[in-house]
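Coordinate analysis (summary)
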Amino acid sequence: MPNPVLVRKLKYDGSLRSAWPGDLIDARGDDWLIVFHDPERHQKEPPEPAEPRGFGIHTIGLREPLTVLHWFDELGRILEAKCDAALPATIAGRTISFVDLDLDVIVLPGGHHYIRDRDVFEARAAAMGYPHEVRRAAWCGILHALRMVRRGRFPFDGTPEALLGRELAARGPL
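Quick summary incoming for the structure in this document. Remember, predicted model here, so these are calculated numbers, not experimental data.

Parameters and conventions
- Residues numbered from 1 in each chain as written.
- Predicted model: local features only at pLDDT ≥ 70, side-chain atom pairs only at ≥ 80, totals over all residues.
- Heavy atoms only, no water.
- Helix = DSSP H or I, 4+ residues; strand = E, 2+ residues; numbered from the N terminus.
- Rg over C-alpha atoms; globule rule 2.2 N^0.38 Å.
- Buried < 20%, exposed > 50% of the residue type's maximum accessible area, 1.4 Å probe, protein only.
- Areas by Shrake-Rupley, 256 points an atom, 1.4 Å probe, with all protein chains shown as cover.
- Lys, Arg positive; Asp, Glu negative; His and termini not counted.
- Charge placed at Lys NZ, Arg CZ, Asp CG, Glu CD.
- Core = buried A, V, L, I, M, F, W, Y, C linked by side-chain atoms within 4.5 Å.
- Contact = heavy atoms within 4.5 Å.
- Pairing = 2+ DSSP bridges.
- Phe/Tyr/Trp six-rings, centres within 6.5 Å; stacked < 30°, edge-to-face > 60°.

Attention now moves to the overall build of the chain. The helix and strand tally for the chain stands at 3 helices and 9 strands. Expected size for 174 residues packed as a compact globule is a radius of gyration near 16 Å; at 15 Å, the chain falls within 12% of this value. When the backbone C-alpha atoms are referred to their principal axes, the chain occupies close to 50 × 35 × 35 Å. The proportion of buried residues among the 174 residues of the chain is 44%. Looking at the chain as shown, the accessible area adds up to about 8,800 Å², and 55% of this sits on carbon and sulfur atoms. Averaging the positions of the 23 positive and the 25 negative side-chain charges in the chain gives two centres separated by 3 Å.

The next thing to look at is the nonpolar core. Ranked by size, the top nonpolar core spans 32 residues in total, and within it Ile57, Cys83 and Phe156 carry the most contacts. Elements supplying a minimum of two residues to this core: β3 (32-37), β4 (55-61), β5 (66-72), β6 (78-86), β8 (95-107), α1 (118-128), α2 (132-151) and α3 (159-171). Considering each element in turn, this core owes the most residues, 7 residues, to α2. If sequence neighbours within four positions are ignored, Phe156 has contacts with Val68, His70, Ala81, Cys83, Val107, Met148 and Val149.

With that out of the way, let us pick up the pairing of strand β9 (residues 113-116). The side chains of a regular strand alternate, first on one face of the sheet and then on the other. Examined bridge by bridge, β8 and β9 share 4 bridges and lie antiparallel to one another. Opposite Val107, over in β9, you have His113 as the bridge partner. Hairpin geometry of β8 and β9 is characterised by an intervening segment of 5 residues between the two adjacent antiparallel strands and by a positive phi of about 90° at Gly110.

It is worth spelling out the packing of aromatic side chains at this point. Aromatic ring pairs: the centre-centre distance and the angle between the two ring planes describe each pair. What the rule picks out here adds up to 6 aromatic pairs. Between the aromatic rings of Phe36 and Phe55, the centroid separation amounts to 6.0 Å while the plane-to-plane angle is 10°, which identifies the pairing as stacked. With Phe36 in strand β3 and Phe55 in strand β4, this pair connects stretches of sequence that are 19 residues apart. Residue classification places Phe36 among the buried residues on the basis of a relative accessible area of 1%. You can call Phe55 buried: its relative accessible area is 2%. Measuring from ring centre to ring centre gives 6.0 Å for Phe121 and Trp139, while their planes differ by 85°; the resulting arrangement is edge-to-face.

As structure tokens, then:
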């Protein structure tokens, strides 16, 4: 049974970067919410033209300065995981919002990974006046993501793949 939510990705100044409907499908205590994005039912606004069609399993940190989006193709194969340094998410009704802090860890199939957008982070941090504690939170989120990836810890422990399998099985034949 769908449990609809809206995931809002904000810039530090509070402006909307994107809004993406999804279904809340799981939680890990008070630390993480997990949202399923189905291309048949959930359209991201504004759409990202370079993003391939597929499924998303979005793991959103409520305590950690991090969100992780596992992106799968239409056959359920992992394309990449994007770890966004972000302020911990907040919940208001059926809306989950987080502030993206520009730094990312990109994880490719097989576990290869790299940090992306250091220059974007520095430029936006200066332009938007990120305080010291926000800059620190961004780097803490990136370090946390690197540890999780390298140690195979949640959500890099097979959980997103299992949840996608469950959602696709419940959906029935394509």
